[in-house]
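Observations on the three-dimensional arrangement
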Amino acid sequence: MKSYLAKSKKSTAIRELLEETLEILESVGIPVVSKALRGREKMAMSFLAVSGVKKEWREIRSIESNNYLTTGQIIKFINLNFEEEIPKGSYDDIRRKDLKLLTVANLVENSDSKGRDTNDPTRGYALNPDFRQLLRSYKTESWEQNVSVFNQSRESLAEALQRKRNLAKIPVSLPNGKALQLSLGDHNLLQKAIVEEFLPRFGGNSSVLYIGDTTNKSLHLEEAKLKELNFFELSHDKLPDVVAYLESKNWLFMIEAVHSSGPISEIRMLELKKLLTTCPADLIFVTAFLTRAQFKKWAADIAWESEVWIADNPDHMIHFNGHKFLGAY
């Protein structure tokens, strides 16, 4: 059996029962491994409480049972049977965390709570009758076949959540045609605008060598080309948000996408120049903003001899001093 609780301190019997529970839940599409160890334990124990199982699966409440447990009763059941001392006042955690995936997947149902608040501790929970019927075949020869039939009639929560995560992405098309998926957020919306709006207008036929997603800093990384340009250590925390190279002019664009963090300031520019002393390309420093209002918040911090681009005015740039428009100094 796959181990879900490798570091659990539970007794052997309880741990085995929890492992079986998590195996069952994963088999019907619950993303068990997305939860931390303690979260897995509490979800499994809450599920067992609703099921009425203390030691063996034959204890599961009958199909005809209409026994809905409140979160307070669930805590009491867990403390009595699974070596726990969960405080009585933790009933909201049971609802919001431990039973959340199970109720969303409709494996556990709420009692009729019409007129009650969502966090009313008198709300009850019980197994979905169809799922309860499936569980009665656990550890029998028909289990795997029954699971397959059960899953065919419903959507896996793990698949639904994965599809939702994929939908909540920002598609970005690089100049070379490569497609990326950035996580949702204003910062990444600005990075998309930099790649798709700024570079075609002001970067010529630039190649994007680096773009860091807010949840994946190395989402797109042309490591070989960056090393060829003597770029600094790629794990360095001073990496700009977007790096692009225009080979025809030997320009290396260092672009900061400012949403909540700072622009290319005098100090930031000095840091980057020191890190790139051996880079043979001319450095172009650009600070990008989504709106003019955001630019105004940071205007006093912008370094001289750098450029500012604002996404809601994509055809124009603000040039901070220097003897020519958009060039290395």
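For the structure itself, consult the block above.
Please read these numbers as outputs of a predicted model, since none were measured by experiment.

**Considerations on the overall build of the protein**
- Along the backbone of the protein there are twelve helices and twelve strands.
- A burial count over the protein gives 48% of its 329 residues as buried.
- For the protein, the proportion of contacts with a sequence separation of at least 24, taken over those separated by at least 6, is 55%.
- Counting every atom, the protein has about 17200 Å² of accessible surface; 48% of that belongs to carbon and sulfur.

**Regarding the pairing of strand β11 (residues 306-310)**
- Burial within β11 is extensive, with five of its five residues counted as buried.
- Sheet topology places strand β10 (residues 282-289) next to β11; four bridges connect them, and they run parallel. Its bridge partner being in β11, Phe289 is matched across the sheet by Ile310.
- The turn joining β11 and strand β12 (residues 317-320), which pair antiparallel and follow one another in sequence, is formed by six residues.

**Brief notes about unusual backbone geometry**
- Backbone geometry places Glu83, a non-glycine residue, at a positive phi of 60 degrees.
- Judged by relative accessible area, which is 49%, Glu83 ranks as partly exposed.
- The residue Asn230 is not glycine, and still its phi comes out positive at about 55 degrees.
- When you line up the elements, Asn230 lands in the loop between α10 (223-228) and β8 (242-246).
- Judged by relative accessible area, Asn230 falls into the partly exposed class, the value being 37%.

**A closer look at the nonpolar core**
- Ranked by size, the top nonpolar core spans 44 residues in total, and within it Leu25, Ile30, Ile74 and Phe131 carry the most contacts.
- Of all the secondary structure elements, the ones that give two or more residues to this core are α1 (12-27), α2 (37-51), α3 (71-81), α5 (100-104), β3 (124-127), α6 (129-135) and α7 (143-152).
- It is α2 that provides the largest number of residues to this core, a total of seven residues.
- Ignoring any residue separated from it by four or fewer positions in sequence, one finds Phe131 in contact with Ile24, Leu25, Val28, Phe47, Leu107 and Phe150.
- Ala193, Phe198, Ile255 and Val286 belong to the second-largest nonpolar core, a separate cluster that totals 26 residues.

**Some remarks on the packing of α3 against helix α4 (residues 91-98)**
- Interaxial distance between α3 and α4 falls to 8 Å at its minimum, and their mutual angle equals 95 degrees. Considered as vectors, α3 and α4 are oriented roughly perpendicular to each other. Contact residues: α3 offers Thr71, Gly72, Ile74 and Ile75, while α4 offers Tyr91, Ile94 and Arg95.
- Looking at the contact of α3 with α4 residue by residue, the classes come out as four nonpolar, two polar and one charged.

**Here we look at the environment of Gln133**
- Considering the arrangement of structural elements, one finds Gln133 in helix α6.
- Among the residues examined, Gln133 registers a relative accessible area of 46% and is labelled partly exposed.

Here is what the cut-offs are and how they apply
Residues numbered from 1 in each chain as written. Predicted model: local features only at pLDDT ≥ 70, side-chain atom pairs only at ≥ 80, totals over all residues. Heavy atoms only, no water. Helix = DSSP H or I, 4+ residues; strand = E, 2+ residues; numbered from the N terminus. Buried < 20%, exposed > 50% of the residue type's maximum accessible area, 1.4 Å probe, protein only. Contact = heavy atoms within 4.5 Å. Areas by Shrake-Rupley, 256 points an atom, 1.4 Å probe, with all protein chains shown as cover. Pairing = 2+ DSSP bridges. Core = buried A, V, L, I, M, F, W, Y, C linked by side-chain atoms within 4.5 Å. Axes fitted to C-alpha atoms, helices over the stretch in contact; angles between N-to-C directions. Parallel < 35°, antiparallel > 145°, perpendicular 65-115°, else oblique. Nonpolar A, V, L, I, M, F, W, Y, C, P; charged D, E, K, R; others polar.

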